[in-house]
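Structural overview for review
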Amino acid sequence: DVKVTQSSRYLVKRTGEKVFLECVQDMDHENMFWYRQDPGLGLRLIYFSYDVKMKEKGDIPEGYSVSREKKERFSLILESASTNQTSMYLCASSSTSGRVQYFGPGTRLTVT
Amino acid sequence: QQPVQSPQAVILREGEDAVINCSSSKALYSVHWYRQKHGEAPVFLMILLKGGEQKGHDKISASFNEKKQQSSLYLTASQLSYSGTYFCGTDNNNDMRFGAGTRLTVKP
């Protein structure tokens, strides 16, 4: 079974803090994705990566950056957290051949 | 770039049928359907590749009209376990986007 894990289920940070969200997958997938999920807006793509050290902007990259130094790990970074970044963050991975996305359990981030 | 889903929400009684639609403005390689139960991660249901295929999974099936860039998810004889939010994901050369979701509630 594919397993995608995220470093925290719940996180509370203060405005202006630097926040790291970690995602690890164990299936040697090439592709990894970060989404944020807000009521009524569905899953919006922040960044994705096809390969190590590769990254592509999604639809809402402003205020976020990512890092992929190893194939199994994809990190989302909020350089200076703001209250409008309070959301559920979901990580997913997929293989280029299979394309099915496998999601992690999500991190509910609250910025106060 | 997000696909458009309709309806936004639907309430059913057990045994009733529902259709959820998904349309995209871009040419598609494939369409994915996922279901998310409250407090859980989305879970893959099925994938449809271009070629106008139709797939089934128990009493949940889907179609994909490549020319119209549309897909529909059909839930027949709904069960309580079908409740959740359904998302379509449109894949354009590995560039995946998800719709806003359709909240399905099945009542006894």
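In short, a report on the structure. Computed from a prediction, not measured in an experiment: that's the story for all the values here.

With respect to the overall build of chain B
Along its length, chain B carries zero helices and eleven strands. Taken from N to C terminus, the helices and strands of chain B fall in the order β-β-β-β-β-β-β-β-β-β-β. Against the compact-globule benchmark of 13 Å for 108 residues, chain B has a radius of gyration of 13 Å, which places it among compact chains. Oriented by its inertia axes, the alpha-carbon framework of chain B measures out at about 40 × 25 × 20 Å.

Remarks on the pairing of strand 4 (residues 30–36) of chain B
Residues and elements named next belong to chain B. A large share of strand 4 lies buried, amounting to seven of its seven residues. Two elements, strand 4 and strand 5 (residues 43–49), share six bridges in a ladder whose sense is antiparallel. Each residue of the ladder has a partner; that of Val31, found in strand 5, is Leu48. Linking two consecutive strands that pair antiparallel, namely strand 4 and strand 5, is a turn of six residues; a positive phi of about 80° is found at Gly39 within it. One ladder, built from seven bridges, connects strand 4 with strand 9 (residues 84–92); its direction is antiparallel. Bridge pairing links Arg35 to Tyr86 in strand 9.

What to know about the interface of chain B and chain A
If you look at the interface, chain B gives 21 residues, while chain A gives 24 residues. Taken together, the two surfaces of chain B and chain A that pack against each other cover about 1700 Å², and 53% of this comes from carbon and sulfur. A salt bridge links B:Asp91 to A:Arg99; the nearest nitrogen and oxygen atoms lie 2.9 Å apart. Summed over the shared surface of chain B and chain A, the result is five residue pairs in polar contact (both at pLDDT 80 or more). Per element, the largest residue contribution to the side of chain B that touches chain A is four residues, and it comes from strand 10 (residues 95–98) of chain B. Tallied by class, residues from the side of chain B that touches chain A come to ten nonpolar, eight polar and three charged.

Points about the state of the cysteines
All names here are of chain A. Summed over the entire model, instances satisfying the criterion amount to two disulfides over all chains. Note on cysteine connectivity: Cys23 is disulfide-linked to Cys91, with sulfurs 1.8 Å apart. Negative torsions about the S-S bond denote left-handed disulfides, and the value of about -75° found for Cys23 with Cys91 makes this one left-handed. On the criterion of sequence distance, the pair formed by Cys23 in strand 3 (residues 19–25) and Cys91 in strand 9 (residues 87–94) is long-range, its members being 68 residues apart.

Criteria and cut-off values
- Residues numbered from 1 in each chain as written.
- Chains lettered and ligands numbered in written order.
- Predicted model: local features only at pLDDT ≥ 70, side-chain atom pairs only at ≥ 80, totals over all residues.
- Heavy atoms only, no water.
- Helix = DSSP H or I, 4+ residues; strand = E, 2+ residues; numbered from the N terminus.
- Rg over C-alpha atoms; globule rule 2.2 N^0.38 Å.
- Buried < 20%, exposed > 50% of the residue type's maximum accessible area, 1.4 Å probe, protein only.
- Pairing = 2+ DSSP bridges.
- Contact = heavy atoms within 4.5 Å.
- Buried area = accessible area lost by both parts, 1.4 Å probe.
- Salt bridge = Lys/Arg side-chain N within 4 Å of Asp/Glu carboxyl O.
- Polar contact = N/O pair within 3.5 Å; in protein donor to acceptor, adjacent residues only side chain to side chain.
- Nonpolar A, V, L, I, M, F, W, Y, C, P; charged D, E, K, R; others polar.
- Disulfide = S-S within 2.5 Å.

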